[in-house]
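Close look at the chain arrangement
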Amino acid sequence: MIIPFACDTVKLTSPYGNRTLNGKKQFHSGYDLVGVGSYDVVAAVGGTVVRSRIVTDKSNATWQWGNYVCIKGEDGRYYYYCHLKSRSVAQNQTVRAGDKLGVMGNTGYSFGAHLHFEVRESDGKTTLSPETVLGIPNKTGKYSTKSQYESDLELLAKRGIVLSPGYWLKRKNIDPYLTVLIHNMAEYIN
Ligand SMILES: [Zn+2]
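Residues numbered from 1 in each chain as written. Predicted model: local features only at pLDDT ≥ 70, side-chain atom pairs only at ≥ 80, totals over all residues.

1. Some remarks on the overall build of the protein
- Looking only at helices and strands, one finds four helices and 14 strands in the protein.
- Referenced to the eigenvectors of the C-alpha coordinate spread, the extents of the protein come out at roughly 60 × 40 × 25 Å.
- Each of the 190 residues in the protein was classed as buried or not, and the buried ones make up 30%.
- Considering only intrachain contacts with a sequence separation of at least 6, the fraction spanning at least 24 residues in the protein is 62%. (Helix = DSSP H or I, 4+ residues; strand = E, 2+ residues; numbered from the N terminus. Buried ≥ 20, exposed ≤ 12 C-beta atoms within 10 Å, placed from the backbone. Contact = placed C-beta atoms within 7 Å.)

Rendered as C-alpha cells:
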C-alpha cells in the first residue's frame, strides 16, 4: 500500500467512480484522501513535475483543482495532487517517491480540506482507479500500511504499558495468542 502523505494512515472519504456531490451526479475521477497524523502530501511515484500552479480564471475548468501539482511519473502516467494549501515543488523539478509536494488544503472546488489524488494514463486524459497504483481499495474507509499489531503496540507504548514495542514486534509469532492479547489490551485502554 502506498499512502501519498507523510504518515502511515489515510482516510479515503470519496472513492473513484459515480457519485452525487451537492445534488449533482458526476463521475469522480480520483480519490479524496485525508492524512491521519500528517497533512504533508508526498509523491506516490517518482517523476518530473509538469505543473505546479493555481488557475484563478474560472473559464478554465482547471480552477477547480485550486493549488495543484501534476507529476509525469517514471511509468509514463500522470499524477495529480489537488486542492493543496501550499506547494513545495516547481515545474521541471524531479521528485522521488516520498518527496514532499505540499500541504493538504481546501483550495479550488472543495468543501473541506482533503487531497484529490488522480491518476491518468500516458495519453493525459484517460483516468484510472488510483487503487491500481496505491493499492488502497476503492471504498470509503481508513487504511494503514501498519499492521493491527504494530498500531496496538504503539498505542500501548505511548501509554507506558509496553516499554519495548520493537522487542514484541519481532516476537509476533512466539504465541498465536500474543497479538490477540495485545489487541484486547489496546482496545481496553483506548
Ligand atoms: Zn476529488
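This is not the end of the story, as more comes after the structure.
2. Quick notes on the nonpolar core
- Counting 31 residues, the largest nonpolar core has Val41, Val69, Tyr79 and Tyr81 as the members making the most contacts within it.
- Listing elements by their share of this core, those giving two or more residues are β1 (9-14), β4 (31-36), β5 (40-42), β7 (67-73), β8 (78-84) and β12 (115-120).
- Sort the elements by how many residues they give to this core and β8 lands first, with five residues.
- Not counting residues up to four positions away in its chain, the partners in contact with Val69 are Val49, Arg51, Ser52, Tyr81, Leu84, Arg87, Val89, Leu101 and Gly102.
- By size, the runner-up hydrophobic cluster in this structure holds six residues, among which are Val162, Trp168, Ile182 and Ala186. (Core = buried A, V, L, I, M, F, W, Y, C linked by C-beta atoms within 7 Å.)

3. Section: the sheet that holds strand β11 (residues 100-103)
- Spatially, β5-β11-β9 is the arrangement adopted by the three strands of the open sheet, whose pairing is antiparallel. Both outer strands of the open sheet, β5 and β9 (86-87), are each paired with one neighbouring strand and no more.
- Of the strand pairs in this sheet, β5 and β11 are connected by three bridges, and their pairing is antiparallel. Within β11, the position partnered with Asp40 by the bridge is Val103. (Pairing = 2+ DSSP bridges.)

4. Let's talk about helix α2 (residues 148-158)
- Among all positions in α2, only Asp152, Leu153 and Leu156 are buried. Buried residues along α2 cover an arc of 100° about the axis, so they all sit on one side.
- On the buried face of α2, the contacting elements are α3 (165-170) and α4 (178-189).
- Gly160 sits one or two residues past α2 and shows a positive phi near 80°. (Arc of directions from axis to C-beta.)

5. Brief notes about the domain arrangement of the protein
- Examined at the domain level, the protein breaks down into domain 1 (9-144) and domain 2 (148-189).
- Each of domain 1 and domain 2 has a C-alpha centre, and these two points are 34 Å apart. (Domains from an automatic or database assignment.)

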